[in-house]
Amino acid sequence: MELLGGCYEQVLFGFAIQPGENWSALPDFTHHAHTASLSAVAVNDRYVVTGSKDETIQIYDMKKKVEHGALMQHDGTVTCLEFYGSSHLLSGAEDGLICIWNTKRWECLKSIKAHKGHVTSFSIHPSGKLALSVGTDKTLRTWNLVEGRSAFIKNIKQNAHLVKWSPSGEVYVVVIANKVDIYNLETASISGTIVAEKRISSVKFLTDSILAIAGDEEFVRLFNCESQKCLCEFKAHEKRIKEIYTFEMEGLHILVTASSDGYLKMWSLDLEKINNSPSLLCEVNTKARLTCLAVWHKRGSETKKIPNEATTSSQAHEEEQPLIKKKKIGWAECDKSSEGGGQETLKKGKSAGVQQKKKKIMQKLK
């Protein structure tokens, strides 16, 4: 299991997590992933991808410990990344595009002009047939991924910056500043609203009815989506929380937090005693200004696929070749004796002039 954190300092951190009676997070690697700050990270059973303000998506093969290449389809900061199973990756950016990528050949199967402004967030329905997106054009859009087209557009009064489906796909939430609107899929109407004291930076469903919320303060709060009541709150960090992440492992519900204080922390939640504060499993100080996080761990082979029609009908980039180049990197272990997460940086032959190369590639494709 690998705990991953991206930061303003253009670095991706990796910590090897060793579960047990006393969990530990050992420095595994650091990698100078981009030429600008990291903005998003996503994982599936094999790959880790990172998005950045440098407009690129970097791919890492975690099984082979190889840097797999870069995707250069977007113009503008890559704002959101999400895998659907082992077959597809969706990316969104400030250029207003949502791109669907095939993870076998890493080619762009379809590029959708999703918003007139920036794409700030999207979420794929558990079925893989629908997706929701929000942007700076004050719209919430529903996408039919089977046909690769817009299904519904809802105007909202303000710019939303987060959208998330529940595990069952029967409920979704839209975040605007410090407010979470809870929608019912069947009626497409707001069934409740949760209001926080400060701006919300991250939301994650623990179950269909329990939502974890964090933002520009030190606390994480768990809410009941049906009653909108706070079930539990606990102080997780000394500064604002940038992102939270959740997963289940061997019956444990794990919550991970990343903060501006530089710490990554893993917590164990007991859903049977949800009113109790979670217990801290382990923590590590990256000494960096964290922006995003994820946890990669080996899973059974995933078979989820976005329906074939979604990636074959009206394909905008059928003729494109993958914009990547495989490259071995020295994925070396760090000095385990280093204090406070001090780590040996992986050496990567970073090609100069990413933007120039990108422009040349795009010119050839025109």
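As a reminder, the structure under discussion sits directly above these lines.
Report follows, based on the coordinates. Please read these numbers as outputs of a predicted model, since none were measured by experiment.

Criteria and thresholds
- Residues numbered from 1 in each chain as written.
- Predicted model: local features only at pLDDT ≥ 70, side-chain atom pairs only at ≥ 80, totals over all residues.
- Heavy atoms only, no water.
- Helix = DSSP H or I, 4+ residues; strand = E, 2+ residues; numbered from the N terminus.
- Buried < 20%, exposed > 50% of the residue type's maximum accessible area, 1.4 Å probe, protein only.
- Contact = heavy atoms within 4.5 Å.
- Areas by Shrake-Rupley, 256 points an atom, 1.4 Å probe, with all protein chains shown as cover.
- Salt bridge = Lys/Arg side-chain N within 4 Å of Asp/Glu carboxyl O.
- Pairing = 2+ DSSP bridges.
- Axes fitted to C-alpha atoms, helices over the stretch in contact; angles between N-to-C directions.

Let's talk about the overall build of the chain
So, point 1. The number of helices and strands found in the chain is two helices and 29 strands.
So, point 2. Split into buried and exposed, the 366 residues of the chain put 58% on the buried side.
So, point 3. Pairs at least 24 apart in sequence give 47% of the contacts found in the chain among residues at least 6 apart.
So, point 4. Counting only carbon and sulfur atoms, one obtains 47% of the accessible surface of the chain, whose full area is about 16200 Å².

Details of the pattern of salt bridges
So, point 1. One pass over the full model with this rule turns up eleven salt bridges.
So, point 2. Here R221 and E217 are joined by a salt bridge, their closest N and O atoms 2.7 Å apart.
So, point 3. Overall, the relative accessible area of 9% leaves E217 in the buried class.
So, point 4. Here R221 and E233 are joined by a salt bridge, their closest N and O atoms 2.8 Å apart. Remark: E233 occurs in strand β23 (residues 230-235) and R221 occurs in strand β22 (residues 219-224); sequence separation between them is twelve residues.
So, point 5. Accessibility expressed as a relative area gives 40% for E233, which makes it partly exposed.
So, point 6. Here the salt bridges do not stand alone but share partners, grouping E217, R221 and E233 into one network.

Details of the pairing of strand β5 (residues 47-52)
So, point 1. Of all the six residues making up β5, six are buried; the element is thus mostly covered by neighbouring parts of the structure.
So, point 2. By the alternation rule, side chains of β5 split into Y47, V49 and G51 and V48, T50 and S52, which are all buried.
So, point 3. With five bridges connecting them, strand β4 (residues 38-43) and β5 associate as antiparallel partners. Within the sheet, the bridge partner assigned to A42 lies in β5 and is V49.
So, point 4. Linkage of β4 to β5, two consecutive antiparallel strands, is achieved through a turn of three residues.
So, point 5. Sheet analysis places β5 next to strand β6 (residues 57-61), joined by five bridges and oriented antiparallel. Residue pairing for β6: Y47 is matched across the bridge by D61.

A few points about the sheet that holds strand β18 (residues 179-184)
So, point 1. Strand order in the open sheet made by the four strands is β16-β17-β18-β19, with antiparallel pairing throughout. Unpaired on one side and paired on the other, β16 (162-165) and β19 (189-195) mark the two borders of the sheet. Strand-to-strand twist across the sheet, computed as the mean angle between neighbouring axes with direction ignored, equals 20°.
So, point 2. Pairing of β16 with strand β17 (residues 171-176), which is carried by four bridges, proceeds in the antiparallel orientation. Bridge assignment links V163 to a residue of β17, and that residue is V174.

Details of unusual backbone geometry
So, point 1. Within the chain, A177 stands out as a residue other than glycine whose phi angle is a positive 55°.
So, point 2. Tracing the chain through its elements places A177 in the loop between β17 and β18.

Examining the environment of G215
So, point 1. Inspection of the secondary structure assignment puts G215 in strand β21 (residues 210-215).
So, point 2. Judged by its relative accessible area of 5%, G215 is buried.

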